[in-house]
Amino acid sequence: MPHRPCPRHNTRRQGLTSLALSALLTASLTGAILLPPTSVLAEAEDRGEVSAELKQLRQRIERLRQDVAQTRDQHDRARGEMRAIDLRINKHIHELKFIEFRLGRQDRRLGQLYHDRQRYQKDLEQQRHLLGKQVRAAYLIGQQAYLKLLLSQDDPAAAGRTLRYYDYFHRSRTDLINNAN
């Protein structure tokens, strides 16, 4: 009489097979895939010990592996894009810091130029005021000196030298007035 497996043992074997497949599925999802060699699975299929449930679980595991691989590829691409964006951001931050440095330096230079301008304007106003006083005094003295020189004919050579000096002073004052404007 041939040996027939007991239905109770067959159910128990299917339960263990389902439990093993569930463990394999969980392990494959967590990344710790510990599948038996393909030859062992093929042998088990040949003997009729693997059910349709096992085939479905294999297909599901394969789909999950493909999904994980695709997700990893997408993750790697996104990581590469993030690196490129970070590099561009760092470059722009460096450029911004350099521009801020140059702007600070230009602001300090502009402040110095503004200060110098105020000082020069103050000096110019003082020079204009002094020049105005000098021109008025020269005008008052000049008219009297020319008259005295012309009326006093004591020393014609001295009168000529004095007129020459007045001419130099007059030119110097004229240059100062022209430069002040």
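Residues numbered from 1 in each chain as written. Predicted model: local features only at pLDDT ≥ 70, side-chain atom pairs only at ≥ 80, totals over all residues. Heavy atoms only, no water.

Colleague: Teacher, can you tell me more about the overall build of the chain here?
Modeller: Helices and strands together make up the secondary structure of the chain, namely 4 helices and 0 strands. The linear arrangement of helices and strands in the chain, starting from the amino end, is α-α-α-α. When the 181 residues of the chain are sorted by exposure, 10% land in the buried category. For the chain, the proportion of contacts with a sequence separation of at least 24, taken over those separated by at least 6, is 62%. Accessible surface, the chain as shown: approximately 15900 Å² in total, 57% of it carbon and sulfur. (Helix = DSSP H or I, 4+ residues; strand = E, 2+ residues; numbered from the N terminus. Buried < 20%, exposed > 50% of the residue type's maximum accessible area, 1.4 Å probe, protein only. Contact = heavy atoms within 4.5 Å. Areas by Shrake-Rupley, 256 points an atom, 1.4 Å probe, with all protein chains shown as cover.)

Colleague: Sorry if this is basic, but what is going on with the pattern of salt bridges here?
Modeller: Two side chains that carry opposite charge are able to pair once their charged atoms sit near each other. Across all of its chains, the model carries 3 salt bridges by this definition. Across the pair Arg119 and Asp116 runs a salt bridge whose closest N-O atoms are separated by 3.8 Å. Separated by 3 residues within a single helix, Arg119 and Asp116 lie in helix H3 (residues 52–151), roughly one turn from each other. Of the residues examined, Asp116 reaches a relative accessible area of 15% and is grouped as buried. In this structure, the salt-bridge partner of Arg128 is Glu125, at a minimum N-O distance of 3.6 Å. Taken as a pair, Arg128 and Glu125 lie in helix H3 at a separation of 3 residues, close to a single helical turn. The partly exposed category is assigned to Glu125, whose relative accessible area is 48%. (Salt bridge = Lys/Arg side-chain N within 4 Å of Asp/Glu carboxyl O.)

Colleague: Would you take a moment to explain the packing of aromatic side chains for this structure?
Modeller: Each aromatic ring pair is described using two quantities: the centre-to-centre distance and the angle formed by the ring planes. All chains considered together, the criterion is met by 0 aromatic pairs. Here Arg119 stacks its cationic end above the ring of Tyr120, 5.0 Å away from the centre of that ring. (Phe/Tyr/Trp six-rings, centres within 6.5 Å; stacked < 30°, edge-to-face > 60°. Lys NZ or Arg CZ within 6 Å of the ring centre and 35° of its normal.)

Colleague: Would you mind going over the confidence of the model for the chain with me for this structure?
Modeller: Atomic detail in the predicted coordinates should be set aside for any region of low pLDDT. Averaged over the chain, the pLDDT score is 76; the fraction of residues at 70 or greater is 61%. Across the chain, the element-wise mean pLDDT spans from 54 in helix H1 (residues 7–30) up to 88 in H3. (pLDDT = per-residue confidence, 0-100.)

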